[in-house]
Amino acid sequence: MNVKKLEQLYEGKAKKVFATDNPEYYIVDYKDDATAFNGLKKGTITGKGVINNKMSNIMFALLEKHGVKTHFVEQLSDRETLVKAVKIVPLEIIVRNVAAGSFSKRYGVEEGRELKNPTLEFSLKNDELNDPLINDYHILALGIVNEKELAEIKTLAFKVNDVMREFFAGLGVKLIDFKIEAGKLPDGTIVLADEISPDTCRFWDAKTNEKLDKDRFRRDLGGVEEAYQEIFSRINAK
């Protein structure tokens, strides 16, 4: 699709978003910047932007094939992708299959414990408030979305989990948990937005439980670039 890149609309921790000469589309540019603990830890993961861009697009295409609507349109370059212009719902949508990270700390559950069923959490997207947990009642009371939209978001989240768990199991990878975001198209349709990458998912090798995601950066485990390359190479070889 022929579009012209215009002014920058937004810069987040991992991406920049640009307007185009077609108001229905944005261009997303993925960065190598890495942050953790709500921006308290900062660094660079060389090549991360390229991997996250390409991997997100592969995953969006896979999910589209399984009936999940996304903002993805087409990849423009190693770091840039054309997406539908959406209004992001200010919620972090977190699905967990195995206890890890903040879930383990919050509830005193050992990391690696398989949960009896996938669980869904919402956090309010607000850096100043440290993205607090928020429940259905809060979401509806604050008018973030209505009941129908909230139900659609929940259905979308569990559908994404079902598709991705099966896909990554075939690569010898456990999908521990992930964070996604939803966006609204101008007509109100809810779609999957943001990204799907080692920045937003926890991936463990199915045999060794080796971490293949941003936890290697968060916890100073070393081998960060290699972990990103490993998960991407498995996807690319599929």
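Residues numbered from 1 in each chain as written. Predicted model: local features only at pLDDT ≥ 70, side-chain atom pairs only at ≥ 80, totals over all residues. Heavy atoms only, no water.

Turning next to the sheet that holds strand 1 (residues 5-11). Strand order in the open sheet made by the five strands is 1-2-3-7-6, with antiparallel pairing throughout. Bordering the open sheet on either side are strand 1 and strand 6 (72-75), each of which pairs with just one other strand. Taking the axes of each pair of neighbouring strands and ignoring which way they run, one obtains an average angle of 30° across the sheet. With five bridges connecting them, strand 2 (residues 15-20) and strand 3 (residues 25-30) associate as antiparallel partners. By the bridge assignment, A19 is partnered in strand 3 with Y26. Strand contacts of helix 1 (residues 48-65): strand 3, strand 6 and strand 7 (80-84), with the helix running at about 135° to strand 6, the strand carrying the most contacts. (Pairing = 2+ DSSP bridges. Helix = DSSP H or I, 4+ residues; strand = E, 2+ residues; numbered from the N terminus. Axes fitted to C-alpha atoms, helices over the stretch in contact; angles between N-to-C directions. Contact = heavy atoms within 4.5 Å.)

Turning our eyes to something else, we now look at the side chain of T20. Relative to the helices and strands, T20 resides in strand 2. Taking relative accessible area as the criterion, T20 reaches 7% and is therefore assigned buried. Among the polar contacts made by the side chain of T20, one reaches the main-chain carbonyl oxygen of N22 at a distance of 2.7 Å. Only 2.9 Å separates the side chain of T20 from the backbone oxygen of Y25, close enough to count as a polar contact. The contact partners of T20, leaving out residues within four places of it in the chain, are V3, K4, L6, Y25, Y26, I27 and L82. (Buried < 20%, exposed > 50% of the residue type's maximum accessible area, 1.4 Å probe, protein only. Polar contact = N/O pair within 3.5 Å; in protein donor to acceptor, adjacent residues only side chain to side chain.)

Here we take up the packing of aromatic side chains. Counted by the stated rule, this structure contains three aromatic pairs. Here F103 and Y107 contribute two aromatic rings whose centre-to-centre distance is 4.9 Å and whose plane-to-plane angle is 65°, an arrangement assigned as edge-to-face. Residue F103 and its partner Y107 are located together in helix 2 (residues 101-107), separated by four residues, close to a single helical turn. For Y107, a relative accessible area of 47% puts it in the partly exposed group. Taken together, the ring pairs connect F167, F168 and F203 into an aromatic cluster. The residue whose ring lies beneath K5 is F18, and the NZ or CZ to ring-centre distance is 4.0 Å. Lying across the ring of F217, K41 places its NZ or CZ 4.8 Å from the centre. (Phe/Tyr/Trp six-rings, centres within 6.5 Å; stacked < 30°, edge-to-face > 60°. Lys NZ or Arg CZ within 6 Å of the ring centre and 35° of its normal.)

Turning our attention to the environment of I176. Relative to the assigned elements, I176 resides in strand 11 (residues 173-184). Each C-alpha atom of the pair I176 and G112 lies 8.2 Å from the other, and the pair is 64 residues apart in sequence.

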